[in-house]
Amino acid sequence: MAADEGNTTPLPEARATSATDAARALLVPVQEPSAAQPPGAPGTVLPGRPEAARPKVRTATPTPAPENGTPCPACGTPNHQHRNFCRSCATQLTPRREDNATGPYAGQRPPLHRDRKRWIARALIATAVVAVVVGGVIGGPPAARAVQDHFAKRVAVHPTAWAASHSDPQHKAELAGDSYSNTWWGTGYANDAAGTYLEATFGQPTDLLALLITPGTSKRQGQQSEQARPQEFDLVVTDSSGKQHTSHRSINDGGVQRIDVRVRDAASVRIILRSAFGAAKDKQVAIAEVEFFARSKN
């Protein structure tokens, strides 16, 4: 009996009770919702499973239509006066410009008028060149020479002698061909010196095409008006056979100016003054430089 009293082994019911209590200790307590919780408060969420709040949808506010807007030709929706396309159906509101001054809109192909005009101009130029060439060939030697002179390479030719009907002792004729624009030939007469001439002679016959004349005493704007400047004159070109080719010419007041001549086998050129710019009793007609250009022999 003493051995039985010292045995402390628990009963089966006691062991089951201890295991149940241990399992309950591992559970996470969940708080029950109370009636005092405010409406709209988030509910109970289990740990490890958060849920994002749902976004609130806003009601779209319609755009007020302009009172004096331009109605769309397609749907009739009023649009602001500065809009180019309808705000409802995207129909074009402004009329298209043919000249394309503001440029094409997005997705609009630009017109081809410029390219068409460019090709037409090129075709006309090509036709004119062909007509000139064909006319020169069919028209005979004078026309053919005119075509050749037009496309010929030009080179500078220098006279071998200069002369004048009258000159200022300090501004002689050769100063008009010394290649310096700050030296000049003067008539030595006051006013326009009508009838006075300046003449250049070539050492051998020259196919003359053009000449450049610099009126006044210099190329510079402030110095060229110190003396009178030629305005109208007769241009007399004498060829190697003695034939004279006379033409009446006029130039502007100031600056280097070109005069086309086109005389074959030219031997001399004479400039006969007829009128002048800035003529006065204390001024004489002056020419700073005269340059000649002929057809290249090559």
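Residues numbered from 1 in each chain as written. Predicted model: local features only at pLDDT ≥ 70, side-chain atom pairs only at ≥ 80, totals over all residues. Heavy atoms only, no water.

What about the pattern of salt bridges?
Then, number 1: Considering all chains together, one arrives at five salt bridges under this definition.
Then, number 2: With a shortest N-O distance of 4.0 Å, Asp 260 and Arg 154 are connected by a salt bridge. With Asp 260 in strand S9 (residues 257-277) and Arg 154 in strand S3 (residues 154-157), this residue pair connects regions lying 106 residues apart in the sequence.
Then, number 3: Salt-bridge contacts for Arg 258 lead to Asp 260; the nearest nitrogen and oxygen are separated by 3.0 Å.
Then, number 4: Note on Arg 258: relative accessible area 52%, which makes it exposed. (Salt bridge = Lys/Arg side-chain N within 4 Å of Asp/Glu carboxyl O. Helix = DSSP H or I, 4+ residues; strand = E, 2+ residues; numbered from the N terminus. Buried < 20%, exposed > 50% of the residue type's maximum accessible area, 1.4 Å probe, protein only.)

A closer look at the pairing of strand S10 (residues 284-295)
Then, number 1: Judged by how many residues are buried, S10 sits mostly within the fold: nine of twelve residues are covered.
Then, number 2: Note that S3 and S10 share four bridges and pair antiparallel. Counted as the bridge partner of Arg 154 is Arg 295 from S10.
Then, number 3: Note that strand S5 (residues 185-190) and S10 share three bridges and pair antiparallel. (Pairing = 2+ DSSP bridges.)

Quick word on empty space enclosed by the protein
Then, number 1: What the rule picks out here adds up to one cavity of 30 Å³ or more.
Then, number 2: Approximately 30 Å³ is the volume attributed to the largest cavity.
Then, number 3: As for the largest cavity, its lining consists of Trp 162, Leu 198, Glu 199, Ala 200, Val 269, Ile 271, Val 290 and Phe 292.
Then, number 4: Those elements giving two or more residues to the lining of the largest cavity turn out to be strand S6 (197-215), S9 and S10.
Then, number 5: In terms of residue count, the dominant contributor to the lining of the largest cavity is S6 (three residues).
Then, number 6: Grouping the constituent residues of the lining of the largest cavity by class yields seven nonpolar, no polar and one charged. (1 Å grid on protein atoms, 1.4 Å probe; cavity = no way out; pocket = protein on both sides within 12 Å on 5 of 7 lines; lining within 4 Å. Points joined across faces, edges and corners; volume = space filled by probe spheres on them. Nonpolar A, V, L, I, M, F, W, Y, C, P; charged D, E, K, R; others polar.)

Concerning the state of the cysteines
Then, number 1: Across all of its chains, the model carries zero disulfides by this definition.
Then, number 2: The thiol of Cys 75 is not disulfide-bonded; the next cysteine sulfur, from Cys 89, is found 3.6 Å away.
Then, number 3: Using a relative accessible area of 38% as the deciding quantity, one classes Cys 75 as partly exposed.
Then, number 4: Considering cysteine sulfurs only, Cys 72 is the nearest to Cys 89, which forms no disulfide, with 3.5 Å between them.
Then, number 5: Judged by relative accessible area, which is 35%, Cys 89 ranks as partly exposed. (Disulfide = S-S within 2.5 Å.)

Some words on the packing of aromatic side chains
Then, number 1: The tally for this structure, following the rule as stated, stands at two aromatic pairs.
Then, number 2: Judged by centre distance (5.3 Å) and plane angle (85°), the rings of Phe 202 and Phe 292 are edge-to-face. Of this pair, Phe 202 sits in strand S6 while Phe 292 is found in strand S10, placing the two residues 90 residues apart along the sequence. For the pair Phe 202 and Phe 292, one class covers both residues: buried.
Then, number 3: Members of the aromatic cluster, joined through ring pairs, are Trp 162, Phe 202 and Phe 292.
Then, number 4: Above the face of the Trp 119 ring, Arg 122 is positioned so that its terminal group lies 5.0 Å from the ring centre. (Phe/Tyr/Trp six-rings, centres within 6.5 Å; stacked < 30°, edge-to-face > 60°. Lys NZ or Arg CZ within 6 Å of the ring centre and 35° of its normal.)

Here we look at the confidence of the model for the protein chain
Then, number 1: Overall, the prediction assigns the protein chain a mean pLDDT of 79, with 67% of residues at 70 or greater.
Then, number 2: Mean pLDDT across the elements of the protein chain bottoms out in helix H1 (residues 2-5) (48) and peaks in strand S4 (residues 161-164) (97).
Then, number 3: Low confidence marks residues 1-5, where pLDDT is under 50. Its contacts with residues over four positions away, or in another chain, come to zero contacts. (pLDDT = per-residue confidence, 0-100. Contact = heavy atoms within 4.5 Å.)

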